[in-house]
Amino acid sequence: MWVLPLVGYLGLILGFGFLTLAIASGLYYLSELVEEHTVLAKKLLTRMIYAVVVLQLFLWLVDSFPLSLSILSIVSHVVYAQNLRRFPIVKLTDPLFILSCILVLINHYLWFRHFSTPPPRSNYYPYNTSRDYSIPTFTEIASYFGLCVWLVPFALFVSLSAGENVLPSMGSEYATGEGSSFIAPGQEPSGGAAKKANVGLAKAAVDGVRDWLGETGEVMGFWKGDRVKRF
């Protein structure tokens, strides 16, 4: 067969493209909801962090999860919660934000290594087809990563904003300090700086990818546009 494999590859590419567009659209929609309901979003994120911490404690007490990794996960979520101090504003150079990004990667690596090396079986038979319940299934591992490792960081990524979506308060470093969108009291930046002030992290990421794809397509001649200068 020659044609059917090509059809399979084409369907795979189209499916991946539609999935990417669906994720991007979902990020945009969630960002819009957070901008409209900031107080509710902060409450949901706070309760979500509490729920993950309680779930981690139950996993340690009931399912005998390793104590060191459980403590790391709980401490990480406490650090994540500190990003809600000035919700939804965040400075990308904030040490807490940088530490949160590092903790996400550390948690993912350590928990992945933990699940990759399951405990040895006590009564092991090479041809035993019965399931060993001491070894978690793929569904259980994926669910744990989705809920206890990636849920809160992803929610923060969608919710936090790299600019001022709310009015700055007096004495706040985000109102008058470095990185603020306000140049001086009573003055606002003009032009593109003012437009870029109200951009969430998720929107900025999606817009960046979209602009890059648009410019790349114009350069390669896939479509016409005004972004590329013609000589």
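In the nomenclature of an unreviewed UniProt entry, the chain corresponds to Protein SVP26 from the organism Lasiodiplodia hormozganensis. Quoted straight from UniProt, the Sequence similarities (unreviewed entry) entry for the chain says "Belongs to the SVP26 family." Recorded under Subcellular location (unreviewed entry), the UniProt text for the chain is reproduced unchanged: "Membrane".

Colleague: Any chance you could explain unusual backbone geometry here in plain terms?
Modeller: At Ser-64, a position not held by glycine, the phi torsion is positive, near 60°. Along the polypeptide, Ser-64 turns up in the loop between helix H2 (38-62) and helix H3 (67-82). In this structure Ser-64 comes out as exposed when scored by relative accessible area, which is 60%.

Colleague: I tried to follow the pattern of salt bridges on my own but got confused; where do I start?
Modeller: Two side chains carrying opposite charge are able to pair once their charged atoms lie near each other. According to the stated counting rule, one finds one salt bridge in the structure shown. The salt bridge partner of Arg-85 is Asp-94, with a shortest N-O separation of 3.2 Å. By relative accessible area, which is 45% here, Arg-85 ends up partly exposed. By relative accessible area, which is 14% here, Asp-94 ends up buried.

Colleague: Even after reading the chapter, I still don't get the packing of aromatic side chains, so can you show me in this structure?
Modeller: Aromatic ring pairs are described here by two measures, namely the spacing of the ring centres and the angle between the planes. This structure, assessed with the given rule, holds eight aromatic pairs. Considering the side-chain rings of Phe-115 and Phe-145, the 6.0 Å spacing of their centres and the 55° angle between planes classify their relative orientation as tilted. Of the two residues, Phe-115 is situated in helix H4 (residues 95-116) and Phe-145 in helix H5 (residues 138-149); the sequence distance between them amounts to 30 residues. Using a relative accessible area of 14% as the deciding quantity, one classes Phe-115 as buried. Residue classification places Phe-145 among the buried residues on the basis of a relative accessible area of 9%. In this structure an aromatic cluster arises from ring pairing among Phe-65, Trp-111, Phe-115, Tyr-144 and Phe-145.

Colleague: Can you walk me through the nonpolar core in this structure?
Modeller: One broad rule of soluble globular proteins: the nonpolar side chains tend to lie buried together. The biggest cluster of nonpolar side chains holds 30 residues, and the ones touching the most others in it are Tyr-80, Phe-87, Trp-111, Phe-115, Tyr-144, Phe-145 and Leu-156. Put simply, the parts of the chain that give this core at least two residues each are H2, H3, H4, H5 and helix H6 (151-159). Among residues more than four places away in sequence, those in contact with Tyr-80 are Ile-49, Ser-100, Leu-103, Val-104, Asn-107, Val-152, Pro-153 and Leu-156.

Colleague: So what exactly am I meant to see when it comes to the UniProt feature "transmembrane region" (unreviewed entry) in the chain here?
Modeller: The feature "transmembrane region" (unreviewed entry), as given by UniProt, occupies residues 6-30, 96-112 and 141-160 in the numbering adopted here. In residues 6-30, helix accounts for 100% and strand for 0%; the two terminal C-alpha atoms are 36 Å from one another. Structurally, residues 141-160 comprises 90% helix and 0% strand, and the distance from its first C-alpha atom to its last is 28 Å.

Colleague: Can you walk me through the environment of Met-48 in this structure?
Modeller: Residue placement: Met-48 occurs in helix H2. As for Met-48 and Ala-81, which are separated by 33 residues in sequence, their C-alpha atoms are 9.9 Å apart. Here Met-48 is in contact with Leu-151, Val-152 and Ala-155, once residues within four sequence places are set aside.

Colleague: Explanation requested: a nonpolar patch on the surface in the structure shown.
Modeller: Together, Val-54, Leu-57, Phe-58, Trp-60, Leu-61, Val-62, Leu-67, Ile-71 and Val-75 line one region of the surface with nonpolar side chains, adding up to about 840 Å² of accessible area. Broken down by element, the residue count for the nonpolar patch peaks at six residues, all from H2. If you trace the backbone, Val-75 turns up in helix H3. For Val-75, a relative accessible area of 44% gives the class partly exposed.

Conventions used here
- Just so you know, the residues in each chain are numbered from 1, in the order the chain's sequence is written.
- Reporting of local features is limited, given that this is a predicted model, to residues whose pLDDT is at least 70; pairs of side-chain atoms are given and counted only at 80 or more, and all residues count toward the totals for whole chains, interfaces and linings.
- Only hydrogens and water are removed before side-chain values are computed, so all heavy atoms of the structure are retained for them.
- UniProt positions are given in the numbering used here, feature names are shortened, and annotations may be inferred rather than shown by experiment.
- Strands are runs of DSSP state E lasting at least 2 residues, helices are runs of H or I lasting at least 4, and numbering of each runs from the N terminus.
- Each residue is placed in one exposure class: buried if its accessible area under a 1.4 Å probe, protein chains only, is under 20% of its type's maximum, exposed if it is over 50%, and partly exposed if it falls in between.
- The salt bridge definition used is simple: a Lys or Arg side-chain nitrogen within 4 Å of an Asp or Glu carboxyl oxygen.
- In summary, the pairing rule links any two rings of Phe, Tyr or Trp, Trp by its six-membered ring, whose centres are within 6.5 Å, and it sorts them by plane angle into stacked for under 30 degrees, edge-to-face for over 60 and tilted for everything else.
- Residues enter a nonpolar core if they are buried and are Ala, Val, Leu, Ile, Met, Phe, Trp, Tyr or Cys, with the set joined through side-chain atoms within 4.5 Å.
- Contacts were defined at the residue level, with two residues in contact if any of their heavy atoms lie within 4.5 Å.
- Residues form patches when they are more than 30% accessible in relative terms and have no salt bridge. Like charges link within 9 Å. Nonpolar side chains (Val, Leu, Ile, Met, Phe, Trp, Tyr) link within 5 Å.
- In this description, accessible areas are obtained by the Shrake-Rupley approach with a 1.4 Å probe, and a residue is regarded as covered only by the protein chains that are shown.

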